[in-house]
Amino acid sequence: MGKLVKNYIYNVLYQILVFVAPLVMAPYLTRVLGAERLGISNYVLTIATAFGTVGLLGTQNYAIREIAYVKDSPVKLEKTFYEILELRLILGLLTLIIYTFYIRLASYPYLMLIMTVYIAAWFIDPCWFFIGMEDMGKAVARNFFAKAANVIGIFVIVKSQEDYVKYIWLLSSMTFIASLLAIPQLWKYFNIHFVKVSFSRIIFHAKRSLELFWPQMAILVYLSADKILLEYFISPASVAYYDQAEKIIKIPLSFITVLSTVMMPRLANQFASHNVDNIKEYLSKTIQFSSMLAFPMMLGIMGIASNLIPWFLGIEFLPVIPVIWALAPLIIFASMVGISGDQYLVATGQTRVLTLSYVIAALVNVLVNIVLIPRYAEVGAAIATICAYGVILIIQYKVLLQRTSLLDSILDSFKYLWKSLPMLLLVLYLAKVMPAAHTTTLVQILAGGLLYGMVLIISKDKMALLLIESFSKMMDKLKLRGKNSR
């Protein structure tokens, strides 16, 4: 558990930056760029992300899983690394060629051209190797640099609405540079040199990665369809409203979803070693931990929304408030899907179930979007997203519960709902008696978090006590290292 806790803390430290960055940037960007320009930027980014996701052909999670399978064998590890690396480079070249033809037909062609650098970064980024090795520090350092450099660049360069082009340049170039800087860190494991890989091995990995491509393709559909349809049916401003609500929801959610990044390689390694009991134990603890965070975060984000948006994004973005309320259950749904899909099904190679759940969810998402967006705009898009995740949950957990004895853990996790209710009442009371200001939001978060923590300790919650114990042991080890190094 020590390494898992360590890797989780690494990722949480990065998520703190991810949490702080929007707090700093969003109020600035919404006021400097405005809803229209920001909506165009988000639209261009969505298209580029779609090309990157499709072009990778499912190799991201596949590569992490394969590295986790062979990480205990140096010979197999190096062989697998070069085979997957060459596959990714070939896919990157093909993707950029197709994207170049797309630019000629697309809206905002110059902005799309800028995003070529962003797409290229997806394919040269080696962080899949570090995650598979459970060496999270390398991946976190790379992401930290990209995010920090982007934040600083925005304040220095983006000064007016016309600077939205510079904003896109920053996002694209910083992502690419960060990917380049991560490459030398591979030398810790082996010397980087040209290795001739047989074409048959590249085809072998391509075929197997396709099994994870179709689920990701379906995810792409329901993550992109809402913004594309909002731009088509309503306006770029509506895209900005929905995107800002989604970003705010993903701030607390990111503290939970990083658990999938940490756990999937460990579960894959245990699966390769046929340690079924260990897999069940890890999943049981993950369910409890995710629920302990997800329920208070869902209720908390709903409680602070009405006070947060006026000072955080500005009066122009008041339509974001009802979207946050509609999207809040995503925190619960996405955290549970992360356990069943991103962790269990991917690690154990059950890609057919994964594909079925995401394809059906994508179809549901598109249909509900088409029906609701013309009438309810961005709130309709939020409802469609929740419906899609509900479909995924039903399909994946039907399989998960058939093959593991985790029903008791899932039912027990709902205790965190009632343990979160006192916090919600406090947050709503503070919203009623205090003005809409950053100090109010800060007081709501601190007071609500403190009250929830007290409830966990008073009730002697096992998961909370386990985390406190693990963190305490890790700090003791760090202190011991410090004394020994003197």
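In this report, we go over the structure that sits alongside the text. Every value quoted in this text rests on a predicted model; they were computed, and no experiment measured them. (Residues numbered from 1 in each chain as written. Predicted model: local features only at pLDDT ≥ 70, side-chain atom pairs only at ≥ 80, totals over all residues. Heavy atoms only, no water.)

1. Description of the overall build of the chain
Formally: Comment: elements are numbered from the N terminus, with helices defined as DSSP H or I runs of at least four residues and strands as E runs of at least two. Relative accessible area decides the class of each residue, using a 1.4 Å probe on protein chains only: under 20% of the type maximum gives buried, over 50% gives exposed, and in between gives partly exposed. The contact definition used throughout considers only heavy atoms, calling two residues in contact when any of these lie within 4.5 Å. Areas reported here follow the Shrake-Rupley algorithm with a probe of radius 1.4 Å; residue values treat only the protein chains shown as occluding.
Counting its regular elements, the chain contains 18 helices and zero strands. With 486 residues in all, the chain has 55% of them scored as buried. Partitioning the intrachain contacts of the chain with sequence separation of at least 6 by distance along the chain shows that 84% fall at a separation of at least 24. Approximately 21,600 Å² of the chain is accessible, and the part contributed by carbon and sulfur atoms is 70%.

2. Thoughts on a nonpolar patch on the surface
Threshold: In this scheme, patches are assembled from residues that exceed 30% relative accessible area and form no salt bridge. Like charges are connected within 9 Å, while nonpolar side chains (Val, Leu, Ile, Met, Phe, Trp, Tyr) are connected within 5 Å. Here, a salt bridge means any side-chain nitrogen of Lys or Arg that lies within 4 Å of a carboxyl oxygen of Asp or Glu.
Nonpolar side chains collect at one region of the surface, where Ile-90, Leu-93, Leu-94, Ile-97 and Phe-101 lie side by side and expose about 480 Å² of accessible area between them. Counting through the fold element by element, Phe-101 comes out in helix α4 (residues 74-103).

3. A look at the packing of helix α11 (residues 276-312) against helix α16 (residues 415-433)
Applied cut-off: For helices, the fitted line uses only the C-alpha atoms of the stretch in contact; every axis is such a line through C-alpha atoms, and the angle between N-to-C directions lies from 0 to 180 degrees. Convention used here: angles under 35 degrees read as roughly parallel, angles over 145 as roughly antiparallel, angles from 65 to 115 as roughly perpendicular, and any remaining angle as oblique. Throughout, a crossing is termed right-handed when the near helix is turned clockwise from the far one, and left-handed when it is turned anticlockwise from it by less than a right angle.
Between α11 and α16, whose axes approach to 9 Å, the crossing angle comes to 20°. By the angle class used here, α11 and α16 are roughly parallel. You can see that α11 and α16 cross each other, and the crossing is right-handed. Where α11 abuts α16, its residues Gln-288, Ser-291, Met-292, Phe-295, Pro-296, Leu-299, Gly-300, Gly-303, Ile-304 and Asn-307 lie against Lys-415, Tyr-416, Leu-417, Ser-420, Leu-421, Met-423, Leu-424, Val-427, Leu-428 and Ala-431.

4. Concerning the pattern of salt bridges
For the structure on display, the rule yields 14 salt bridges. Residue Arg-208 pairs with Glu-66 through a salt bridge whose shortest N-O separation is 3.5 Å. With Arg-208 in helix α9 (residues 199-233) and Glu-66 in helix α3 (residues 59-70), this residue pair connects regions lying 142 residues apart in the sequence. Its relative accessible area of 7% is what places Glu-66 among the buried residues. Close ionic contact of Glu-246 with Lys-227 constitutes a salt bridge, the shortest N to O distance being 2.9 Å. You can see Glu-246 sitting in helix α10 (residues 236-272) and its partner Lys-227 sitting in helix α9, a full 19 residues away along the chain. The class of Glu-246 is buried, set by a relative accessible area of 6%.

5. Let's talk about the packing of α16 against helix α17 (residues 438-458)
Quick reminder of the rule: Classification used: nonpolar for Ala, Val, Leu, Ile, Met, Phe, Trp, Tyr, Cys and Pro, charged for Asp, Glu, Lys and Arg, polar for all others including Gly.
Between α16 and α17, whose axes approach to 9 Å, the crossing angle comes to 150°. Between α16 and α17, the angle is such that the two are roughly antiparallel. Crossing angle aside, the handedness with which α16 passes α17 is right-handed. Between α16, through Tyr-416, Lys-419, Ser-420, Pro-422, Met-423, Leu-426, Val-427, Leu-430 and Ala-431, and α17, the contact on the second element is made entirely by Thr-440, Val-443, Gln-444, Ala-447, Gly-448, Leu-451, Tyr-452, Val-455 and Leu-456. Each residue belonging to the contact of α16 with α17 can be placed in one class, and the counts come to 13 nonpolar, four polar and one charged.

6. What to know about the nonpolar core
As a reminder, the rule being used: Put simply, a nonpolar core is a bunch of buried Ala, Val, Leu, Ile, Met, Phe, Trp, Tyr and Cys residues held in one set by side-chain atoms that sit within 4.5 Å of each other.
With 140 residues, the main nonpolar core has Phe-129, Met-292, Ile-309 and Ile-324 as its most contacted residues. When residues of this core are assigned to their parent elements, the largest contribution, 18 residues, is made by helix α14 (residues 351-403). When near neighbours in sequence (up to four residues on either side) are disregarded, Phe-129 contacts Ile-67, Leu-77, Phe-81, Leu-186, Tyr-189 and Phe-190.

7. A word on the side chain of Ser-340
Note the threshold: Any N or O atom pair separated by 3.5 Å or less is treated as a polar contact, with the protein-specific requirement of one donor-capable and one acceptor-capable atom, and with residues adjacent in sequence counted only for side-chain atom pairs.
Looking at the element boundaries, Ser-340 is found in helix α13 (residues 330-347). Residue class for Ser-340 comes out buried when judged on its relative accessible area of 1%. Of note is the side chain of Ser-340, whose polar atom sits 3.4 Å from the backbone oxygen of Val-337. The contact partners of Ser-340, leaving out residues within four places of it in the chain, are Leu-345, Gln-396, Tyr-397 and Leu-400.

8. Some thoughts on unusual backbone geometry
One non-glycine residue, Tyr-108, adopts positive backbone phi at about 55°. The exposure class assigned to Tyr-108 is partly exposed, which follows from its relative accessible area of 26%. For Lys-460, which is not glycine, the phi torsion reads 55° and is therefore positive. Here Lys-460 shows up in the loop between α17 and α18 (462-484).

9. Thoughts on the environment of Ala-106
Mapped onto the fold, Ala-106 is located in the loop between α4 and α5 (109-124). Taking the C-alpha atoms as reference points, Ala-106 and Val-44, 62 residues apart in sequence, are found 9.9 Å from one another.

10. So, the side chain of Thr-80
In this fold, Thr-80 is placed in helix α4. Owing to a relative accessible area of 10%, Thr-80 belongs among the buried residues under this scheme. With sequence-adjacent residues up to four places away left out, Thr-80 is seen in contact with Glu-66, Ile-67 and Val-70.

11. Let's talk about α17
Counted only if it meets this: Every helix has an expected span of 1.5 Å times one less than the residues it contains.
When the terminal C-alpha atoms of α17 are compared, their 30 Å separation across 21 residues agrees well with the 30 Å that a helix rising 1.5 Å per residue should span. Immediately beyond the C-terminal end of α17, within one or two residues, lies Lys-460, with a positive phi of roughly 55°.

12. Focus: the environment of Thr-59
Looking at the secondary structure, you find Thr-59 in helix α3. Sequence-distant contacts of Thr-59, that is, excluding residues within four places in its chain, are made with Leu-87, Arg-88, Leu-91 and Ser-209.

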